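A look at the structure
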2 protein chains.
Amino acid sequence: MAVQTVASTTDSTVDLGPAAALSCRECGHRVPLGPVFACEECFGPLEIAYDFSAYDTEELRKQIEAGPANIWRYAPLLPVPADVATKPNINPGWTQLVKADNLARELGVTGGLYVKDDSGNPTHSFKDRVVAQALEAARAFGFTTLSCSSTGNLAGAVGAAAARAGFRSCVFIPHDLEQGKVVMAAVYGGELVGIEGNYDDVNRFCSELIGDPAGEGWGFVNVNLRPYYAEGSKTLAYEICEQLGWQLPDQLVVPIASGSQLTKIDKGLQELIKLGLVEDKPYKIFGAQAEGCSPVSTAYKAGHDVVRPQKPNTIAKSLAIGNPADGPYVLDIARRTGGAVEDVTDEQVVDAIKILARTEGIFAETAGGVTVGVTKKLIENGVLDPTLTTVVLNTGDGLKTLDAVAGTGLTATIRPNLDSFREAGLA
Amino acid sequence: MAVQTVASTTDSTVDLGPAAALSCRECGHRVPLGPVFACEECFGPLEIAYDFSAYDTEELRKQIEAGPANIWRYAPLLPVPADVATKPNINPGWTQLVKADNLARELGVTGGLYVKDDSGNPTHSFKDRVVAQALEAARAFGFTTLSCSSTGNLAGAVGAAAARAGFRSCVFIPHDLEQGKVVMAAVYGGELVGIEGNYDDVNRFCSELIGDPAGEGWGFVNVNLRPYYAEGSKTLAYEICEQLGWQLPDQLVVPIASGSQLTKIDKGLQELIKLGLVEDKPYKIFGAQAEGCSPVSTAYKAGHDVVRPQKPNTIAKSLAIGNPADGPYVLDIARRTGGAVEDVTDEQVVDAIKILARTEGIFAETAGGVTVGVTKKLIENGVLDPTLTTVVLNTGDGLKTLDAVAGTGLTATIRPNLDSFREAGLA
């Protein structure tokens, strides 16, 4: 993959609020804010460095609590200008943290079980959080086209956000994607380009385009805007703690695709501690994968520090990244916090989707089946402590992966009369 | 239809907050709160009569603003106990009121155009609002089973709410419904019973069941709990006004199925005026139907006071009620407020879905295509004033009616290289 290390449109006057610079996660080298994602010194991933020094804790808390019911209530902690809430964006976030008492009983959790239900976002997945961030970065850098490679949720999130903000969008997908997914991405009216090849071919092409004059003015949300994009996941940590009454949970169960979300949730929790918005105490982060794409779980169990790529084969397609970029960081966080990484079979994923729907009325995407299934397994194995406060993430909507539960159907068929009703044992 | 006029489990100690009694919409006859829906004197529809006399306007406003980000912020104005937010419910509402500047430009609206996007509710339709109310009534009356007849959105909303609240659910649908809709209703794990017959047969059977001992302890959300259920639609009016900064909009465009939603939005606006929460001023309510099921629009245009039933034939299935119970009330409100009732063809519905998605990134159900399409038509015909503040309702999610836009697809297919990209004119 061609790595672009020099910003093409860096502007020292760019206003992204408290974001001060880009900093390499590996070597700490700092560069000005710009549309770059890899360190020019060591090729490590760049992430946002902030200046939070001016904040008074209680004033900040008050400002957040008086903010809008979306991620922009946390604007002081994100790489966005202070007036971000006045700009056209799809305004995701502030989704429900459901106190899941029925699920807790089913799984034997006594310390308080919560489901953070991100199916409530505008396009019904957590991707709206990260795309909303990337959009503001694209605006700051003067980009006019929002783009990505995708096989699903991301395409819709980019299409919707671009439409609202008046950007052109151009989304690249494998040309032979299922018709339903194509419709969900196409309806927003942007360019939707089928690439003759598989998802790897699509990604390779996008990297080429970024390095070419034809890609000038294009913000690829998860490539040249990735440092900004990734920060969107911090808002999950912020919301969970605020919704718990400004407290850290004891345990979190988070899905792993690239691993970015899990690492940013940890970053968000650390920021809240440093800012004094929550009291410091230990918390454990557990990573969840599907067995058919479990490179991080496999490495965790083998005691490895590196992640060996796998060829994905699972119904949890939104998590099916065989070579997860943030895998080593996830291993580090799971071990450092006393958590773990676990995986479940596709059958267990489907069972868990049904358990969550039956107990809490939440219809989750397969990724939600993965986290609930892993939670169940970790409790059964004695790894997750049922007497502690636990938050499980559902990052998407069951309507997008209906096939997973296609076997579900009528419990009875009767004639339209009371005799038939009684015969069926329904009375 | 067998009309049950006497409450089977009326309890004078039932606590439903400010709800004081049931009152007949036709003759004003009052009866105690109970699971009844038709007046014992004249068979007119019963609705909730409130006692709001104790409220101080500014205290009430403060209480609402400090409330949760869901419909329970309006608990003092709803037939629910004061502590409703602590009970297990799916907590719908406080959905986005989107300032639709791009759509406004497209339609030529200069006075401010907003889309109230109810696809953000837990099961992604406004039905969550009404079912959440019915659930609290069911709890108050000691019911243990939540039920309904449905062909779509309502089945999912009832299944989800019952699961969360620990109720049994038993939903009746025509046995030959499309598999996708069956899955969306079945996943919550309640009883899902196919009736050998059409939707009318299903309804007739449900009425029989209510009158039979087998139906004891059953709350049919849209039959014996209908007076409570219907009040959920008032929250749309409350939210719109609060989100506009406690102001009435000048014009509202509301879909018509049974007509209940439109009449309750009017009731909600009137309550806000009487309570002093908004300044009194004229507003116009416009009703929207699909041409293939336009009994109210037809009556409006003909100058009739009564509505002649139609046999529905439209893709807007969630609005396809050929004999709308509240049709005459809708006609009255449209005429009294200076609004109108209009309809659009299925082709215009599909076009409007695409316009809304392309301009605002909102993927609406067919019902949203109806309201946006009717708004466009009313502006073109000079009936709706584009210089006034206008709110258009989207009551459901496009993911539930994907077939309507199935024709949408790739804008280009290319090989994975820059030459092919340039040849396609995408640069």
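Bear in mind the structure is a predicted one, so any value in this text is a computation, not a measurement. Starting from 1, residues in each chain are numbered consecutively following that chain's sequence as written. Ligands are numbered from 1 and chains lettered from A, in the order in which they are written. Since the coordinates come from a predicted model, pLDDT governs what is reported: local features require at least 70, and pairs of side-chain atoms require 80 or more to be given and counted, while whole-chain, interface and lining totals use all residues. To obtain the side-chain values, all non-hydrogen atoms of the structure were included, while hydrogens and water were left out.

**Here's the deal with the pattern of salt bridges**
Residue and element names in this part refer to chain A. Note the threshold: The term salt bridge refers to a side-chain nitrogen of Lys or Arg lying within 4 Å of a carboxyl oxygen of Asp or Glu. Counting from the N terminus, the helices are DSSP H or I runs at least four residues long and the strands are E runs at least two residues long. Accessibility here uses a 1.4 Å probe with only protein chains present; expressed as a share of the type maximum, an area under 20% marks a residue as buried, one over 50% as exposed, and anything in between as partly exposed.
The full count for this structure, using the stated rule, is 54 salt bridges over all chains. Close ionic contact of Arg73 with Glu242 constitutes a salt bridge, the shortest N to O distance being 2.6 Å. Residue Arg73 is located in the loop between helix H1 (57-65) and strand S4 (97-99), and its partner Glu242 is located in helix H8 (residues 234-243); the two are separated by 169 residues in the primary sequence. An identical accessibility class is assigned to Arg73 and Glu242; each is buried.

**Topic: the domain arrangement of chain A**
Residue and element names in this part refer to chain A. Using the following cut-off: Where each domain starts and ends follows an automatic or database-derived domain assignment. Note on definitions: a residue-residue contact is assigned when non-hydrogen atoms from the two residues lie within 4.5 Å. Two parts placed together each lose some accessible area under a 1.4 Å probe, and adding up what both lose gives the buried area. Side-chain atoms alone can form a polar contact between residues adjacent in sequence; in general such a contact is a pair of N or O atoms within 3.5 Å, and within protein one must be able to donate a hydrogen while the other accepts it.
Taken domain by domain, chain A comprises domain 1 (19-48 + 127-229) and domain 2 (97-124 + 233-405). Each side of the interface is counted separately: domain 1 has 17 residues, and domain 2 has 20 residues. Regarding the contact of domain 1 and domain 2, the summed buried area is about 1,500 Å², with carbon and sulfur atoms giving 38% of it. One salt bridge connects Asp118 with Arg129, and the closest N-O pair in it is separated by 2.7 Å. Scanning the region where domain 1 abuts domain 2 turns up 10 residue pairs in polar contact (both at pLDDT 80 or more).

**With respect to the environment of Pro309 of chain B**
Residue and element names in this part refer to chain B. For Pro309, the location among the structural elements is in the loop between helix H10 (295-302) and helix H11 (327-337). Taking the relative accessible area as the measure of exposure, Pro309 reaches 52% and is therefore exposed. In sequence terms Pro309 and Pro32 are 277 residues apart; their C-alpha atoms lie 33 Å from each other. Excluding its chain neighbours within four sequence positions, the residues that come into contact with Pro309 are Gly322 and Asn323.

**Overview of the state of the cysteines**
We count it as follows: To count as a disulfide, a pair of cysteine sulfur atoms needs to be within 2.5 Å.
What the rule picks out here adds up to 0 disulfides over all chains. With no disulfide partner, Cys206 of chain A has as its closest neighbouring cysteine sulfur the one in Cys148 of chain A, 7.7 Å distant.

**Describing the pairing of strand S3 (residues 46-50) of chain A**
All names here are of chain A. Note the threshold: We call two strands paired when DSSP finds no fewer than two bridges between them.
Along S3, 5 of the 5 residues are buried, which leaves the element largely enclosed by surrounding structure. As paired elements, strand S1 (residues 19-24) and S3 share 5 bridges and run antiparallel to each other. Bridging from a neighbouring strand, Cys24 pairs with Leu46 of S3.

**Some words on unusual backbone geometry**
Of note, Asn91 of chain A is a non-glycine position whose phi angle comes to about 55 degrees, a positive value. Within the fold, Asn91 of chain A resides in the loop between H1 and S4. Residue class for Asn91 of chain A comes out buried when judged on its relative accessible area of 16%. For Phe43 of chain B, which is not a glycine, the phi torsion comes out positive at approximately 65 degrees. Relative to the helices and strands, Phe43 of chain B resides in the loop between strand S2 (30-31) and strand S3 (46-50).

**Describing the UniProt feature "domain: Tryptophan synthase beta chain-like PALP" (unreviewed entry) in chain A**
To keep it simple, the criterion reads: UniProt positions are given in the numbering used here, feature names are shortened, and annotations may be inferred rather than shown by experiment.
Taking the UniProt record as the reference, the feature "domain: Tryptophan synthase beta chain-like PALP" (unreviewed entry) is found at residues 92-396 of chain A. Taken as a whole, residues 92-396 of chain A contains 44% helix and 16% strand, while its terminal C-alpha atoms sit 13 Å from one another.

**Quick look at the relation of the copies chain A and chain B**
For the pair of chain copies, the relating operation is a rotation around an axis with a shift along it. Quick note on the threshold: For the least-squares superposition of copies, only C-alpha atoms count, and only for residues with pLDDT at least 70 in both.
For these two chains of identical sequence, chain A goes onto chain B by a turn of 180 degrees and a shift of 0.0 Å along the axis, with RMSD 0.0 Å. Both copies are brought into coincidence by an operation consistent with a two-fold rotation axis. Distance from the rotation axis, computed per C-alpha, reaches its smallest value in chain A at Gly120 of chain A: 2.9 Å. Interface overlap between copies is the fraction of interface residues in one copy that are interface residues in the other; for chain A against chain B it reaches 100%, indicating a shared surface.

**What about the pairing of S1 of chain A?**
Residues and elements named next belong to chain A. Among the 6 residues in S1, 5 count as buried, and that is most of the element. Bridge count between S1 and strand S2 (residues 30-31): 2 bridges; the pairing is antiparallel. Paired with Leu22 across the bridge in S2 is Val31. Hairpin connection from S1 to S2: 5 residues lie between these consecutive antiparallel strands, with Gly28 at a positive phi of about 80 degrees.

**Overview of the sheet that holds S3 of chain A**
Sheets are built from strands that pair by backbone hydrogen bonding, the pairs being arranged parallel or antiparallel. Pairing within the open sheet is antiparallel, and its 3 strands lie in the order S2-S1-S3 (chain A). If you trace the sheet from one side to the other, it starts and ends with S2 and S3 of chain A, each paired once.

**Quick look at the packing of helix H9 (residues 260-275) of chain A against helix H11 (residues 327-337) of chain A**
All names here are of chain A. Worth spelling out the cut-off: To obtain each axis, a line is fitted to C-alpha atoms, and for helices this fit is confined to the stretch in contact; angles are then taken between N-to-C directions over 0 to 180 degrees. Roughly parallel means an angle under 35 degrees; roughly antiparallel, over 145; roughly perpendicular, 65 to 115; everything else is oblique. Two helices crossing with the near one rotated counterclockwise from the far one by less than a right angle form a left-handed crossing, whereas a clockwise rotation gives a right-handed crossing.
Where H9 meets H11, the closest approach of the two axes is 9 Å, and the angle between their N-to-C directions is 45 degrees. As judged from the angle between their axes, H9 and H11 are oblique. In this structure, H9 meets H11 at a crossing whose hand is left-handed. Within the contact between the two elements, H9 uses Leu262, Thr263, Asp266 and Gln270 and H11 uses Tyr329, Val330, Ile333, Arg336 and Thr337.

**Concerning the packing of aromatic side chains**
To keep it simple, the criterion reads: Between rings of Phe, Tyr and Trp, where Trp is taken as its six-membered ring, a pair exists when centres lie within 6.5 Å; planes separated by under 30 degrees are stacked, by over 60 edge-to-face, and by other angles tilted.
According to the stated counting rule, one finds 24 aromatic pairs over all chains in the structure shown. Ring geometry for Trp218 of chain A against Phe220 of chain A: centres 5.9 Å apart, planes inclined by 25 degrees, an arrangement best described as stacked. Across the pair, exposure class does not vary: Trp218 of chain A and Phe220 of chain A are buried alike. A ring pair is formed by Phe172 of chain B and Phe205 of chain B, whose centres lie 5.3 Å apart and whose planes are at 70 degrees; its orientation type is edge-to-face. One end of the pair, Phe172 of chain B, is in strand S7 (residues 168-174); the other, Phe205 of chain B, is in helix H6 (residues 199-210), with 33 residues separating them in the sequence. Side by side, Phe172 of chain B and Phe205 of chain B carry an identical accessibility label, which is buried. Cluster of aromatic residues (ring-pair linked, three or more members): Phe172, Phe205, Trp218 and Phe220 of chain A together with Phe421 of chain B.

**A few points about the environment of Ala19 of chain B**
Residues and elements named next belong to chain B. Here Ala19 is to be found in strand S1 (residues 19-24). On the accessibility criterion, Ala19 (8% relative accessible area) is buried. As for Ala19 and Pro76, which are separated by 57 residues in sequence, their C-alpha atoms are 9.4 Å apart. Sequence-distant contacts of Ala19, defined by excluding residues within four places in its chain, comprise Leu33, Ile48, Ala49, Tyr50 and Pro79.

**Topic: the side chain of Asn394 of chain B**
All names here are of chain B. Counting through the fold element by element, Asn394 comes out in strand S13 (residues 390-394). Within the local environment of Asn394, its side chain forms a polar contact with the side chain of Asp117, the two groups lying 2.9 Å apart. Setting aside anything within four residues of it in sequence, one finds Asn394 in contact with Val115, Lys116, Asp117, Asp118, Ser119, Ile362, Ala364, Glu365 and Gly368.

**With respect to the layout of surface pockets**
Residue and element names in this part refer to chain B. Note the following rule: The way it works is a 1 Å grid over only the protein atoms, where trapped points that fit a 1.4 Å probe form a cavity and open points with protein on both sides within 12 Å along at least five of seven lines form a pocket, and then any residue with an atom within 4 Å of a point lines it. Grid points are joined across faces, edges and corners, and a volume is the space filled by probe spheres set on the points. For this classification, Asp, Glu, Lys and Arg are treated as charged, while Ala, Val, Leu, Ile, Met, Phe, Trp, Tyr, Cys and Pro are nonpolar and the rest, including Gly, are polar.
There is about 320 Å³ of room inside the second largest pocket. Lining of the second largest pocket is provided by 15 residues; of these, Glu47, Lys267, Gln270, Glu271 and Lys274 occupy positions nearest its centre. Looking at the lining of the second largest pocket, the elements with two or more residues in it are S3, helix H9 (260-275) and H11. Counting residues per element, the lining of the second largest pocket draws most heavily on H9, which supplies 7 residues. Here the residues of the lining of the second largest pocket sort into 6 nonpolar, 2 polar and 7 charged. Two domains each provide a minimum of three residues to the lining of the second largest pocket, namely domain 1 (19-54 + 127-229) and domain 2 (97-124 + 233-405).

**Things to note about the sheet that holds S2 of chain B**
With respect to topology, 3 strands assemble into an open sheet ordered S2-S1-S3 (chain B), the strand pairing being antiparallel. The open sheet has two edge strands with one neighbour each: S2 and S3 of chain B.

**A short note on the side chain of Ser23 of chain B**
Residue and element names in this part refer to chain B. Turning to its location among the elements, Ser23 is positioned in strand S1. Residue class for Ser23 comes out buried when judged on its relative accessible area of 16%. With sequence-adjacent residues up to four places away left out, Ser23 is seen in contact with Gly28, His29, Arg30, Pro45, Leu46, Glu47 and Ala49.

**Some words on H8 of chain A**
All names here are of chain A. With 9 of its 10 residues buried, H8 lies for the most part within the structure. Where H8 is concerned, the buried positions are Lys234, Thr235, Leu236, Ala237, Tyr238, Glu239, Ile240, Cys241 and Glu242. Directly after H8, the chain includes Gly245, whose backbone phi takes a positive value near 80 degrees.

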